[in-house]
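Chains, contacts and geometry: an overview
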Amino acid sequence: LFLPPWINLSSCVFMSVPPSHNTSGLRLPPEVTRILYVRNLPFDVSANAMYDTFGKYGAIRQVRMGTNAKTKGTAYVVYEDIYDARNAHDGLSGYNLAGRYVVVTYFQQRTPLAA
């Protein structure tokens, strides 16, 4: 799992849970991943609040929250199952969390430029 270098791992909360299984048989678009990037979070939101809010949509592998001035108010939420991530994306985009409307997008890893 690659995350940008400005995410401070010392402030991350890790939680292991068994994966859920998809039985719907739906094919997902290529931009859908099990990693969600969440912006516009309240600065005082806790990792437990993130687990409570996002955990309603399925098993979460980990939450990584921004801790410095540049990344405060952002987080990565990693789901065990891609379908749970899709449901959370659809259900929480624009969700009002402690007075702020969060922006939820799928994390897209940057590919290195050819030299």
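1. Some remarks on the environment of Val102
Secondary-structure assignment places Val102 in the loop between strand E6 (100-101) and strand E7 (103-106). As for Val102 and Arg39, which are separated by 63 residues in sequence, their C-alpha atoms are 5.8 Å apart.

2. Focus: the nonpolar core
In this structure, Leu36, Leu41, Met50, Phe54, Val77 and Tyr79 are the most contacted members of the largest nonpolar core, which totals 24 residues. Those elements that provide at least two residues to this core are strand E2 (35-39), helix H1 (47-54), strand E3 (60-65), strand E4 (75-79), helix H2 (82-92) and E7. Beyond its immediate stretch of four places on either side in the chain, Leu36 contacts Phe54, Ala75, Tyr76, Val77, Tyr79, Ala85, Ala88, His89, Val104, Thr105, Tyr106 and Phe107.

3. A few points about the packing of aromatic side chains
Going through the model one piece at a time under the given rule, you end up with 2 aromatic pairs. With centroids separated by 5.1 Å and ring planes inclined at 45 degrees, the aromatic side chains of Tyr37 and Tyr76 adopt a geometry described as tilted. Of this pair, Tyr37 sits in strand E2 while Tyr76 sits in strand E4, and the two are 39 residues apart along the sequence. Here Tyr37 falls in the partly exposed class, since its relative accessible area comes to 23%. Relative to Phe107, the ring of Tyr76 has its centre 5.3 Å away and its plane inclined at 85 degrees; by these criteria the two rings are edge-to-face. Here Tyr76 is found in strand E4, whereas its partner Phe107 is found in the segment after E7, with 31 residues between them in sequence. Of the two residues examined, Tyr76 and Phe107, each falls in the buried class. Of the aromatic side chains, those joined through ring pairs into one cluster are Tyr37, Tyr76 and Phe107.

4. Considerations on the side chain of His89
Inspection of the secondary structure assignment puts His89 in helix H2. Apart from the residues within four sequence positions on either side, His89 is in contact with Leu36, Val104, Thr105 and Tyr106.

5. Digging into H2
Of the residues making up H2, those classed as buried are Tyr83, Asp84, Ala85, Arg86, Ala88, His89 and Leu92. For H2, the secondary structure elements touched by its buried residues are E2, H1, E4 and E7. Regarding H2, its N-cap is Asp81, as a side-chain oxygen of that residue lies 3.0 Å from the backbone nitrogen of Tyr83 further along. At the exit of H2 stands Gly94, carrying a positive phi of roughly 85 degrees.

Reading the values: the criteria
Residues numbered from 1 in each chain as written. Predicted model: local features only at pLDDT ≥ 70, side-chain atom pairs only at ≥ 80, totals over all residues. Heavy atoms only, no water. Helix = DSSP H or I, 4+ residues; strand = E, 2+ residues; numbered from the N terminus. Core = buried A, V, L, I, M, F, W, Y, C linked by side-chain atoms within 4.5 Å. Buried < 20%, exposed > 50% of the residue type's maximum accessible area, 1.4 Å probe, protein only. Contact = heavy atoms within 4.5 Å. Phe/Tyr/Trp six-rings, centres within 6.5 Å; stacked < 30°, edge-to-face > 60°. Polar contact = N/O pair within 3.5 Å; in protein donor to acceptor, adjacent residues only side chain to side chain.

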